[in-house]
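Residue strings, one per chain:
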Amino acid sequence: MKRFHRETWVGLAVFVFSLAGLALIPSQVLIRKVGERTIPFPPSAFPFLALSLLALMAALMAAQKWISPSSAPERLPSGPLRIRAMAPVATFALYIFLVEWFGMLPATLVAVALFAFQLGMREWRTLALLALLTPLFIRVFFGHFLGVVLPEGRLSSGVF
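The sections below set out a description of the structure shown in this document. Values in this document were obtained by computation on a predicted structure and should not be read as measured data. (Residues numbered from 1 in each chain as written. Predicted model: local features only at pLDDT ≥ 70, side-chain atom pairs only at ≥ 80, totals over all residues. Heavy atoms only, no water.)

Quick notes on a nonpolar patch on the surface
And then number 1: Among the surface-exposed residues, Leu94, Phe97, Phe102, Leu109, Val110, Leu114, Leu132 and Leu155 lie close enough to one another that they form a single nonpolar patch of about 670 Å² accessible area.
And then number 2: Mapped onto the nonpolar patch, the elements with two or more residues apiece are helix 3 (83–102) and helix 4 (104–118).
And then number 3: Following the sequence through the fold, Leu155 ends up in the segment after helix 5 (124–145). (Patch = residues over 30% accessible without salt bridge, like charges linked within 9 Å, V, L, I, M, F, W, Y side chains within 5 Å. Areas by Shrake-Rupley, 256 points an atom, 1.4 Å probe, with all protein chains shown as cover. Salt bridge = Lys/Arg side-chain N within 4 Å of Asp/Glu carboxyl O. Helix = DSSP H or I, 4+ residues; strand = E, 2+ residues; numbered from the N terminus.)

Structure, rendered in structure tokens:
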């Protein structure tokens, strides 16, 4: 019998996380009635698509390691937990908090700048341009063209 590899465990864990998120969508996002046609995409469309794709990729990751022929025994990384490994997780948690309070567009600006900096981008002009253009693209493409209702946040009161 094959031993589960680390990638299999990660894939299974993310798959379970995605299924739990899919189960929580109806209680966390207002879903319009089936017969109602006021907006092209309901607020639950993006979380549903994102979590479905995440579940599919996680299942493929777990299956790929399970099905592929095993090579040499895998050694797990050892040593102390590095701050570089936890910075993206902390940034994502901050993003969730910022979306709740300030709305998606200002939160995306901050999160994109932090993620780009964590990935090694140090040129401030490029970083600022990327951080400004990403929320603008989201606003125009998703908000205007697709009609997706973007979260406004508690403190923004419709400013963004």
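Having seen the model, we can carry on.
A word on the nonpolar core
And then number 1: Grouped together as the largest cluster of nonpolar side chains are 10 residues: Tyr95, Leu98, Val99, Met104, Leu105, Ala107, Ala111, Ile138, Val148 and Leu150.
And then number 2: Listed by contribution, the elements that provide at least two residues to this core are helix 3 and helix 4.
And then number 3: For this core, the leading source of residues is helix 4, giving 4 residues.
And then number 4: Residues Val112, Ala113, Ala116 and Ala131 belong to the second largest nonpolar core, which totals 5 residues. (Core = buried A, V, L, I, M, F, W, Y, C linked by side-chain atoms within 4.5 Å. Buried < 20%, exposed > 50% of the residue type's maximum accessible area, 1.4 Å probe, protein only.)

Re helix 5
And then number 1: Between the first and last C-alpha of helix 5 there are 30 Å, a value that for 22 residues agrees with the 32 Å anticipated at 1.5 Å per step.
And then number 2: Taken as a whole, helix 5 has its buried residues at Leu127, Ala131, Pro135 and Ile138. For helix 5, the arc enclosing every buried residue in end-on projection is 60°, short of the 170-degree limit, so these residues lie on one face. Among the exposed residues of helix 5, those oriented more than 90 degrees off its buried face are Arg125, Leu129, Leu132, Leu136, His144 and Phe145.
And then number 3: Contacts made by the buried residues of helix 5 are with helix 4.
And then number 4: One or two steps after helix 5, the chain reaches Gly147, where phi turns positive at roughly 75°. (Expected span 1.5 Å × (residues − 1). Arc of directions from axis to C-beta. Contact = heavy atoms within 4.5 Å.)

Notes on the environment of Met61
And then number 1: Topologically, Met61 is positioned in helix 2 (residues 45–67).
And then number 2: The sequence separation of Met61 and Val10 amounts to 51 residues, and the corresponding C-alpha distance is 8.3 Å.
And then number 3: If near-sequence neighbours (up to four positions away) are discounted, Met61 is found in contact with Glu7, Val10 and Gly11.

Brief notes about the side chain of Thr91
And then number 1: Its place among the elements puts Thr91 in helix 3.
And then number 2: For Thr91, a relative accessible area of 5% translates into the label buried.
And then number 3: Dropping the residues within four chain positions of it, Thr91 is found in contact with Ala111, Leu114, Phe115 and Gln118.

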